[in-house]
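# Working through the structure, step by step
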Amino acid sequence: ITINTPGNVTLIGLNLHGEGTGNDGVLVQQVGFLRLYNMLIEKFQLHGVDFEVSGNLAIYNSEMNDNLFHGLAVNNASANVYVENSSFDNNSVGAGVGNGQLTVVDSVATHNGSGFVSMGGTVTLFDDRASFNSTGLQVSLGGTLIFANCLIANNTTAYNIGPGTMAGTNPGTSLIAPGQGTT
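Let us look at the structure shown here. (Residues numbered from 1 in each chain as written. Predicted model: local features only at pLDDT ≥ 70, side-chain atom pairs only at ≥ 80, totals over all residues. Heavy atoms only, no water.)

### A few points about the overall build of the protein chain
The secondary structure content of the protein chain amounts to 0 helices and 22 strands. Computed over the C-alpha atoms, the radius of gyration of the protein chain is 15 Å, within 12% of the 16 Å expected from 2.2 N^0.38 for a compact globule of 183 residues. Considered along the principal axes of its C-alpha atoms, the protein chain spans approximately 45 × 30 × 25 Å. The proportion of buried residues among the 183 residues of the protein chain is 48%. Partitioning the intrachain contacts of the protein chain with sequence separation of at least 6 by distance along the chain shows that 35% fall at a separation of at least 24. Counting every atom, the protein chain has about 7600 Å² of accessible surface; 49% of that belongs to carbon and sulfur. (Helix = DSSP H or I, 4+ residues; strand = E, 2+ residues; numbered from the N terminus. Rg over C-alpha atoms; globule rule 2.2 N^0.38 Å. Buried < 20%, exposed > 50% of the residue type's maximum accessible area, 1.4 Å probe, protein only. Contact = heavy atoms within 4.5 Å. Areas by Shrake-Rupley, 256 points an atom, 1.4 Å probe, with all protein chains shown as cover.)

### Description of the sheet that holds strand β3 (residues 15–17)
Taking strand neighbours across the sheet as the criterion, the 8 strands line up as β3-β6-β9-β11-β13-β16-β19-β22 in an open arrangement whose pairing is parallel. Two strands lie at the open edges of the sheet, namely β3 and β22 (175–176), each paired on one side alone. (Pairing = 2+ DSSP bridges.)

### What about the nonpolar core?
Membership of the largest hydrophobic core comes to 41 residues, with the highest contact counts inside it found for L34, L57, L72, L102, F116 and L125. Per-element accounting of this core gives the leading share, 5 residues, to strand β10 (residues 70–84). When residues no more than four places from it in sequence are discounted, the contact partners of L102 are L72, V81, V83, A95, G96, V97, T122, V123 and T124. (Core = buried A, V, L, I, M, F, W, Y, C linked by side-chain atoms within 4.5 Å.)

### Focus on unusual backbone geometry
The phi dihedral of F132 is positive, around 60 degrees, even though this residue is not glycine. Residue F132 is classed as partly exposed on the basis of its relative accessible area of 48%. In this structure, N149 is a non-glycine residue whose phi angle is positive, near 55 degrees. By secondary structure assignment, the location of N149 is in the loop between β18 (143–148) and β19 (151–153).

Purely spatial values, then, with no claim about function.
Structure representation (structure tokens):
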């Protein structure tokens, strides 16, 4: 699905299957406010959701699985993205931001190359879980990752911080399981 309108768009209850040949499940070229509810977006050659424009995106109760690159890719300094009660499974990157703001609440990233990634933008995690990924949390290229009440466990590498900032909040208790490799 390609979204290209200055107006608002809402998609509810769609199952999008790329079968390994479609580029993006949802490609956003322009939008005022996009809302995705109860979506299943899987098996695309690039991204499940590709949001590289200014505007707002909210994703609720959805799954982005088995995509070659990102389950969710955000890359615009004026992008504001909110995700709640969703999962990112078996993608190269579960959910990642290059530029812009990404807030993820009560969601899960499992079996990805990297669970949650900030490469220049800001990722805020609250009540999230990153497990069984190669890298649970990743920050690079001057990105910022802030988290509270998260579980980071059973990843090959718990976190990898390049040039950038990663911080837990106070109050807020998070667990990064001991014994995992970190960089």
